[in-house]
Amino acid sequence: YCVLWLRTVIFNLMKIISWNVNSVRARIENILNYVKDSKPDVLLLQEIKTQEVNFPRDTFKNIGYESYIYGQKSYNGVAIVSKLKLNNINIDFIKDELNQARIITGEIFLGKKKIDLINIYVPNGNPIDTQKYDYKKNWLEKFLNSIKKRLKKNSNILIAGDFNIIPEEIDVHDFKRYENDALGRLEIRKKYRELINLGFKDIYRLLNKKKQEYTFWDYFAGSWQKNNGMRIDHFLLSNNLIENVSSININKKPRSKTKPSDHTPIELIIT
């Protein structure tokens, strides 16, 4: 009886990890070492910087993972690498005016709950007085509208990825420096709050009210060594999935490796 119960508990645990890898091919050794060590069920990758034809699909298949890819040559790109079966993979969640590869969605089951899995790479938006900033604002507005529509069909939604948004002052080493940056500007942070207000929780902040941890450190000016970072990678879960959250962890180890991504993985466990 005990053995059966233990198997059931293990089966019902799901480890979902989000990571902006800053080029999947350039970081493949680091990624493989990390996957073998952390054993995710689902790995959400952003900024893969490659077309689907060049994605290391077979490399992941050799260690038991299927890959679902929305790629783009040299820039952007998102992918879901999964041990579990995903349904209804879609790359048309929003109508992107620049046709950039920034969202891939799929469906996954947790017990009887069907969860919409939405992996995003939000535009950076800098410099602010350019079309790049306008593109970011428009992109976020379209994303909000699409989320509103999706919530009417399914209230179990998980959004994860690189949001390129600093939610609060605690989420960056020097808030004054980013007050007028596309990552920290008030109107951008309001978009994030608008998304939360649709019925989501920022899981890291929900479980770590006053903890100051980061997910990104620039390559320049010794940012990693000085811990001059920011928290711009997030997991947002719809309110009725909160009861399923077991833990969330920012794993800083991959950022300390040779030839690292400038982001580090976030690890969510749901049951």
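If you're wondering where the values come from, they're calculated on a predicted model, not measured in any experiment. Here the residue numbering is sequential within each chain, running from 1 through the sequence in written order. A pLDDT threshold of at least 70 governs which residues receive local features in this predicted model, and a stricter bar of 80 or more applies before side-chain atom pairs are shown or counted, although totals over entire chains, interfaces and linings include all residues. The side-chain figures draw on all heavy atoms in the structure; neither hydrogens nor water molecules are used.

For this analysis, a ring pair means two rings from Phe, Tyr or Trp (six-membered ring only for Trp) whose centres lie within 6.5 Å, classed as stacked if their planes differ by under 30 degrees, edge-to-face if by over 60, and tilted for the remaining angles. On inspection of all chains with the given rule, the structure shows 6 aromatic pairs. Between Phe55 and Phe60, the ring centres sit 5.8 Å apart and the planes meet at 25°, which makes this aromatic pair stacked. Residues Phe55 and Phe60 agree in their burial class; the two are buried. Between Trp139 and Phe143, the aromatic rings sit 5.5 Å apart at their centres with planes inclined by 15°, giving stacked as the arrangement. Of the two residues, Trp139 and Phe143 both sit in helix 4 (residues 131-153), 4 residues apart, roughly one turn of that helix. The burial state of Trp139 is the same as that of Phe143; both residues are buried. In our convention, an over-ring charge means Lys NZ or Arg CZ found within 6 Å of a ring centre and within 35 degrees of that ring's normal. Against the face of Tyr121 rests Arg102, its NZ or CZ located 4.8 Å from the ring centre. We call a residue buried when its accessible area falls under 20% of the maximum for its residue type, exposed when it is over 50%, and partly exposed in between, using a 1.4 Å probe and counting protein chains only. The numbering of helices and of strands both runs from the N terminus, where a helix is a DSSP run of H or I of at least 4 residues and a strand a run of E of at least 2.

Below, the discussion takes up empty space enclosed by the protein. Rolled over the atoms, a probe as big as a water molecule pinpoints where empty space is left. The definitions used throughout rest on a 1 Å grid laid over the protein atoms alone, on which a cavity is an enclosed set of points accommodating a 1.4 Å probe that cannot get out and a pocket is an open set flanked by protein within 12 Å on both sides along at least five of seven lines; lining residues are those having an atom within 4 Å of a point. Grid points are joined across faces, edges and corners, and a volume is the space filled by probe spheres set on the points. A full pass over the atoms with the stated rule returns 2 cavities of 30 Å³ or more. Quantified by volume, the largest cavity comes out at close to 50 Å³. Looking at the lining of the largest cavity, the elements that each hand over two or more residues are helix 4 and helix 6 (186-197). Counted by class, the lining of the largest cavity contains 7 nonpolar, no polar and 1 charged residues. Reported here for the second largest cavity is a volume of approximately 30 Å³. For the lining of the second largest cavity, the leading source of residues is strand 12 (residues 233-238), giving 3 residues. Gly counts as polar in this scheme, as do all residues outside two lists: the nonpolar Ala, Val, Leu, Ile, Met, Phe, Trp, Tyr, Cys and Pro, and the charged Asp, Glu, Lys and Arg.

It is worth spelling out helix 6 at this point. Each full turn of the α-helix corresponds to 3.6 residues, which orients residues three or four apart in the same direction. What a helix should span is 1.5 Å times the count of its residues minus one. For helix 6, with 12 residues, the first-to-last C-alpha span of 16 Å sits near the 16 Å given by 1.5 Å per residue. Among all positions of helix 6, only Ile188, Arg189, Lys191, Tyr192, Leu195 and Ile196 are buried. Projected down its long axis, helix 6 carries its buried residues within an arc of 150°, all on one side. Helix 6 presents Lys190 and Asn197 as exposed residues on the side facing more than 90 degrees away from its buried surface. Only heavy atoms enter the contact rule, under which two residues are in contact if any of them lie within 4.5 Å. Along its buried surface, helix 6 packs onto helix 4, strand 8 (157-162), helix 5 (175-178), strand 9 (200-202) and strand 12. To obtain the arc, one takes the directions from the helix axis to the C-beta atoms.

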